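Overview (structure and organization)
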Amino acid sequence: MAARAGGDLPGSDDPALADFPAQDPHSRRWCFADQLGPHFLDAPGQPVLLVEARSVFRRRRFHRQKAHLLLSALRHRAAELGEQATFLKTETYTEALDQVHERLSVCAPTTWPARDLVLRRPDVTVLEARGFVTRQADFRRWAAGRSRQRLLMDDFYRVARRVHDVLMDGAQPVGGTWNLDHQNREPAPADGRVGVPPPWLPVEDEIDEQVRADLDRWVADGDVAFVGDDGPRLFPVTHAETEERLEDFLTHRLRAFGPHEDAMLAGDPWLAHSMLSASLNLGLVDPSDVVTRADQAYRDSVAAGDPLPLNSVEGFVRQVMGWRDWIWHLYWQLGRDYRHGNALAAHEEVPPWLAELEAEAVGANCLSSVLADVRARGWVHHIPRLMVLGNYALQRGIEPLAMTDWFHRVFVDGYDWVMVANVVGMSQHADGGVLATKPYAAGGAYIDRMSDYCGGCRYDPRKRLGEDACPYTAGYWAFLERNRERLADNRRMRQPLAGLGRLEDLEAVVEQERDRGTDPR
Ligand code: SF4
């Protein structure tokens, strides 16, 4: 069924990319900790295997709230299923599988190593992946014959909208336009408010209490170490809780989502975002259901004579079935080695203040505020990730793979499949332009326009030289100068590179930023 990938893409001869069968209802379903929703079973009563493998937490230093979320979600699913599930707490997955003596099936896991693990087991039937709107085989067919640079999100998104009939009027997009992103770049509201009620938040229960006690004990025993603050659980851990958050978003927040989607406010980390990414990536809800519900909410609002803004609905749908699915497919399509790209020769280590989320060590108000938000919640929306954290790492030449690992560990919704293409490609331009046609480097003017951070900052976003030179503005020019030759052939960089030649103080800026290095004070 699957066509072989064309151009310079890897073919489907890698066993991890095989065309797996769709269902196996007569086996026990092994569900990984990111496959926890009902859509990972072939029938509601199918027997289930769940494994809590402690070694996962020993291998990496995760954000404390991410560890809590993962364990809580897994244990809630085990409690929900009761005797239907065999729930094993072991050191490794292999140790758990050795205790199971019946036929297992598993939906293709979400990382290369996990797929290799399940494919090595003759007692496990691997099924096609779930948890995304579009199928891997369909993406491969779409990608066949296209070069890496032609796997464009917008093209893929249009096909997906058509095939799955989301926000469509027959063969045409609702409203006549596929992508309304240009309406979704409003700056931060002057009064610091987007005018939506606070998001629905879950209430912790005795399972959370037990998770917290276990994590405290593991840390006290020196068994594992975390980064970031503990705090009340902010994200759903069950399908039912995810339904609450989704319904709340569709009813109260979706209307305001679009225009300020890219804005940043020091006092409001959520704005009108859905905060569903952690739930989607835990597999608690089927994304096809999420986009169908958004589509229906739009149609209902039109019928009721009070239409939801189409740019808000389309922007949300594009996040879920456009961007999220596209990043998922690229993780596989770009191959096992894609993660090692380092086209801009960035070799700085992740500095200790960033590794430890030490917001107080940072003088730049935007970076300090975002870092404090990450430490407090393990979540900020996509623009602080891309334009504050990622932009800083890009300008300062921090090693892309190390940044990928950092984003994976400290964000509650971070997984390998999410972060590789997002960080290596989108944020750090380490793939030389496969995902993004130009680097996402920007000076302080962008942050000043899109946020309220600069007013309270010791630096001046307009200054590139001197005591109050903004590290983003100065860093931008130093980045361009450092990569002048590497970016010379990029048509979209011609104008910014030409700007370098007009800077009389360029040498002094470069020297100043060389001295500053990755020190943000
Ligand atoms: Fe960030 Fe520069 Fe604005 Fe300060 S002046 S908040 S460092 S962009």
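The structure under discussion appears in the preceding block.
Read on for a plain summary of the structure. (Residues numbered from 1 in each chain as written. Predicted model: local features only at pLDDT ≥ 70, side-chain atom pairs only at ≥ 80, totals over all residues. Heavy atoms only, no water.)

Turning next to the sheet that holds strand β2 (residues 48–53). The strand order β3-β2-β1-β4-β5 describes an open sheet built from 5 strands, whose pairing is parallel. With partners counted over all chains shown, the strands left at the sheet margins are β3 (85–90) and β5 (124–127), one partner each. Neighbouring strand axes in the sheet, compared pairwise and without regard to direction, differ in orientation by 30° on average. Of the strand pairs in this sheet, strand β4 (residues 104–107) and β5 are connected by 4 bridges, and their pairing is parallel. Counterpart to Cys107 in the pairing with β5 is Leu127. The sheet strands contacting helix α2 (residues 64–81) are β2 and β3, and the helix crosses β2 at an angle near 150°. Across the face of the sheet, helix α4 (residues 112–119) comes into contact with β1 (28–31), β4 and β5 while running at roughly 135° to β5. (Pairing = 2+ DSSP bridges. Helix = DSSP H or I, 4+ residues; strand = E, 2+ residues; numbered from the N terminus. Axes fitted to C-alpha atoms, helices over the stretch in contact; angles between N-to-C directions. Contact = heavy atoms within 4.5 Å.)

Further remarks concern helix α11 (residues 310–333). At Arg318, α11 shows its maximal bend, which comes to roughly 40°. Counting buried residues along α11, 22 of its 24 residues qualify, which places the element largely inside the surrounding structure. (Bend = angle between axes of the 7 residues up to and from the residue. Buried < 20%, exposed > 50% of the residue type's maximum accessible area, 1.4 Å probe, protein only.)

Oppositely charged side chains can form a pair if their charged atoms are brought close together. One pass over the full model with this rule turns up 47 salt bridges. A salt bridge links Arg58 to Asp223, with the nearest nitrogen and oxygen atoms 2.5 Å apart. Note that Arg58 is positioned in helix α1 (residues 55–59) and Asp223 in the loop between α7 (206–220) and α8 (239–257), a separation of 165 residues in sequence. A salt bridge links Arg299 to Asp295, with the nearest nitrogen and oxygen atoms 2.4 Å apart. Residue Arg299 and its partner Asp295 are both found in helix α10 (residues 287–303); the two are separated by 4 residues, about one turn of the helix. Classification of Asp295 by relative accessible area gives buried; the value is 6%. (Salt bridge = Lys/Arg side-chain N within 4 Å of Asp/Glu carboxyl O.)

So, on to the side chain of Asp24. Considering the arrangement of structural elements, one finds Asp24 in the segment before β1. We classify Asp24 as buried; its relative accessible area is 10%. Leave out the neighbours within four places in its chain, and Asp24 touches Arg29, Asp42, Gln46, Arg103, Ser105, Thr125 and Leu127.

Turning to the nonpolar core, a few remarks are in order. Ranked by size, the top nonpolar core spans 157 residues in total, and within it Trp30, Leu367, Trp406 and Leu435 carry the most contacts. By residue number, the principal contributor to this core is α11, which donates 12 residues. When sequence neighbours within four positions are dropped, the list of residues in contact with Trp30 reads Gln35, Leu49, Val51, Tyr93, Leu97, Ser105, Val106, Leu117, Val118 and Val124. Core analysis: the next-biggest nonpolar cluster, separate from the first, contains 16 residues, Leu394, Trp477, Phe479 and Leu480 among them. (Core = buried A, V, L, I, M, F, W, Y, C linked by side-chain atoms within 4.5 Å.)

What follows covers the packing of helix α14 (residues 382–396) against helix α18 (residues 471–482). Contact pair α14 / α18: the axes reach a minimum separation of 8 Å and the direction vectors enclose 40°. As far as their axial angle goes, α18 and α14 are oblique. Here the hand of the crossing between α14 and α18 comes out left-handed. For the pair formed by α14 and α18, the contact residues are Met387, Val388, Asn391, Tyr392, Leu394, Gln395 and Arg396 on the first element and Pro471, Tyr472, Gly475, Tyr476, Phe479 and Arg482 on the second. Residues of the contact of α14 with α18, tallied by class, amount to 8 nonpolar, 3 polar and 2 charged. (Parallel < 35°, antiparallel > 145°, perpendicular 65-115°, else oblique. Left-handed = near helix turned anticlockwise from the far one by under 90°. Nonpolar A, V, L, I, M, F, W, Y, C, P; charged D, E, K, R; others polar.)

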